[in-house]
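Remarks on the overall topology
Take a look at the letters that make up each chain.
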Protein chains: 2
Amino acid sequence: MPQPPDPNIFQKHNHRSCRSSGMKEARAFCKAQGLRLTPVRARVLEILLESHKALGAYDILARLKEDNLGSQPPVVYRALEFLVGNGFAHKLERLNAFAACCQPDAAHEPMFLICQNCRKVAETPLQPIGREIDRAAADLGFAVVSRMVEVTGTCPTCQAGT
Amino acid sequence: MPQPPDPNIFQKHNHRSCRSSGMKEARAFCKAQGLRLTPVRARVLEILLESHKALGAYDILARLKEDNLGSQPPVVYRALEFLVGNGFAHKLERLNAFAACCQPDAAHEPMFLICQNCRKVAETPLQPIGREIDRAAADLGFAVVSRMVEVTGTCPTCQAGT
DNA sequence: GCCTGTGTTGTTATAACATTACATTACCTA
DNA sequence: TAGGTAATGTAATGTTATAACAACACAGGC
Ligand SMILES: [Zn+2]
Ligand SMILES: [Zn+2]
Ligand SMILES: [Zn+2]
Ligand SMILES: [Zn+2]
């Protein structure tokens, strides 16, 4: 049974379940939505789910090559476009890198906590901060379409390590 | 005399004064800090100050070439590193582009409002939102080093235009 | 004035990230 | 099983950014 989703991947957690439930949820969602989780797309998602770390597109591509699942950049970028577009993964703009989504609820808007030391990425809900952002924007007459909040720093593990 | 700093560049404003006071403040600050605002650096800052738009490094480089002030990427990236490092400009991670800072106070931490239509970029103080971000991060045991908030949408002018 | 260290710029090359374009294949459905 | 749509394979190219080293400029001490 799927354990309650604890979004804090910095905590010690049963990571095997992150991986298997991530794939399972993705398969179920795709089936329900009539989306095709093809071998390339599934493998890219698996690769991202293997860690909670941000991976560059070319890192992922190298892994795909090992599995003979495509060796040219468009292959991985198309898979990532699908995964990001359907909420299975996120792009981290600061790093030009990608990470699996930890809580692929229908519509969630996360902020990202990126460890500078280990590149692990945690998500936490942007609301209610997002509303404050909108308010600040509205003060300048700006109509918000999308918000991006990326925080860098040190995860609990890496803090303890030193 | 320097007009009171209205950070909302979306408002109609005396833009000539943005440009001249931006350069003047930069020169004064560099003098005070023993920094060298060399011709290349000054020209890059001027180019950024000419508009409030985000410019790619290679766009800036093209302008530098016209002035015979360096034609290779490292020239512009080094100048941008200097300007960003000293608070005269900012990098917009979402766009991989750069914009002049509108309020080069000693230490200010802005969030950015980026118009998808015209690429103009406004800054507005991140506080008190930043504190909320820190609190959300602390809930996960994460030690924040730097926050980045970039909002995309439509500026007042571009809203009116349609 | 000249040496010398430090910081800046010039230049070449290359790394890293991403897309266009078009041919081919797989899948669905009528 | 034919035809349409979605996905993939592949080559080429575009865009953003850095490494490495040579040359030059400026400042302070001799
Ligand atoms: Zn997510
Ligand atoms: Zn860490
Ligand atoms: Zn202005
Ligand atoms: Zn605009």
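Higher on the page you've got the structure.
Heads up: these notes are all about the structure in this document. (Residues numbered from 1 in each chain as written. Chains lettered and ligands numbered in written order. Predicted model: local features only at pLDDT ≥ 70, side-chain atom pairs only at ≥ 80, totals over all residues. Heavy atoms only, no water.)

As a matter of local geometry, DNA strand C sits amid 17 residues, with A:Tyr58, A:Pro74, A:Lys91, B:Thr38 and B:Arg78 nearest to it. What you see for DNA strand C is that sugar and phosphate hold 43% of its atoms within 4 Å of the protein. Contact distances for DNA strand C include 3.1 Å between a phosphate oxygen and a side-chain N or O atom of A:Tyr77. Contacts to DNA strand C include A:Lys91, whose side-chain N or O atom sits 2.7 Å from a phosphate oxygen. Contributions of two or more residues to the surface near DNA strand C are made by α4 (73–85) of chain A together with α2 (39–50) and α4 (73–85) of chain B. If one sorts the elements of the surface near DNA strand C by residue count, α4(A) sits on top with four residues. When the residues that make up the surface near DNA strand C are grouped by side-chain class, the tally is seven nonpolar, four polar and six charged. (Near = heavy atom within 4 Å. Polar contact = N/O pair within 3.5 Å; in protein donor to acceptor, adjacent residues only side chain to side chain. Helix = DSSP H or I, 4+ residues; strand = E, 2+ residues; numbered from the N terminus. Nonpolar A, V, L, I, M, F, W, Y, C, P; charged D, E, K, R; others polar.)

Turning next to the coordination of the zinc ion (ligand 4). All names here are of chain B. The coordination sphere of the zinc ion (ligand 4), as far as protein atoms go, consists of Cys115 (SG), Cys118 (SG), Cys155 (SG) and Cys158 (SG), spread over 2.1 to 2.5 Å. Here the zinc ion (ligand 4) is ringed by four donor atoms whose angles at the metal span 99 to 127°, and the overall shape comes out tetrahedral. Each donor residue of the zinc ion (ligand 4) belongs to the same chain, and together they define the spacing C-x2-C-x36-C-x2-C. Taken together, the positions of Cys115 in strand β3 (residues 110–115) and Cys158 in helix α6 (residues 156–161) put the pair 43 residues apart, joining distant regions of the chain. (Donors = N, O, S within 2.8 Å, 3.2 Å for Na, K, Ca; no water. Tetrahedral: all angles 85-135°; square planar, octahedral: opposite > 155°, others 65-115°.)

A few words now on the packing of helix α1 (residues 15–33) of chain B against α2(B). Residue and element names in this part refer to chain B. Two elements in contact, α1 and α2, have axes separated by 9 Å at closest approach and are oriented at 155°. With respect to their mutual orientation, α1 and α2 come out roughly antiparallel. The handedness of the crossing between α1 and α2 is right-handed. Facing His15, Cys18, Arg19, Gly22, Met23, Ala26 and Arg27 of α1, the residues of α2 in contact are Ala42, Leu45, Glu46, Leu49 and Glu50. Across the contact of α1 with α2, the residue classes tally to six nonpolar, two polar and four charged. (Axes fitted to C-alpha atoms, helices over the stretch in contact; angles between N-to-C directions. Parallel < 35°, antiparallel > 145°, perpendicular 65-115°, else oblique. Left-handed = near helix turned anticlockwise from the far one by under 90°. Contact = heavy atoms within 4.5 Å.)

Let us now look at the pattern of salt bridges. This structure, assessed with the given rule, holds 14 salt bridges over all chains. Residues A:Arg43 and A:Glu50 are paired through a salt bridge, measuring 3.5 Å at the closest nitrogen-oxygen approach. Its relative accessible area of 15% is what places A:Arg43 among the buried residues. For B:Glu132, the salt bridge is made with B:Arg135, and the minimal N-O distance between the two is 2.8 Å. Separated by three residues within a single helix, B:Glu132 and B:Arg135 lie in helix α5 (residues 129–139), roughly one turn from each other. The exposure class assigned to B:Glu132 is partly exposed, which follows from its relative accessible area of 32%. B:Arg135 sits in the exposed class, given a relative accessible area of 53%. It is possible to trace a salt-bridge network through shared partners that takes in A:Arg43, A:Glu46, A:Glu50, A:Arg63 and A:Asp67. (Salt bridge = Lys/Arg side-chain N within 4 Å of Asp/Glu carboxyl O. Buried < 20%, exposed > 50% of the residue type's maximum accessible area, 1.4 Å probe, protein only.)

Purely geometric stuff here, so don't read any function into it on its own.
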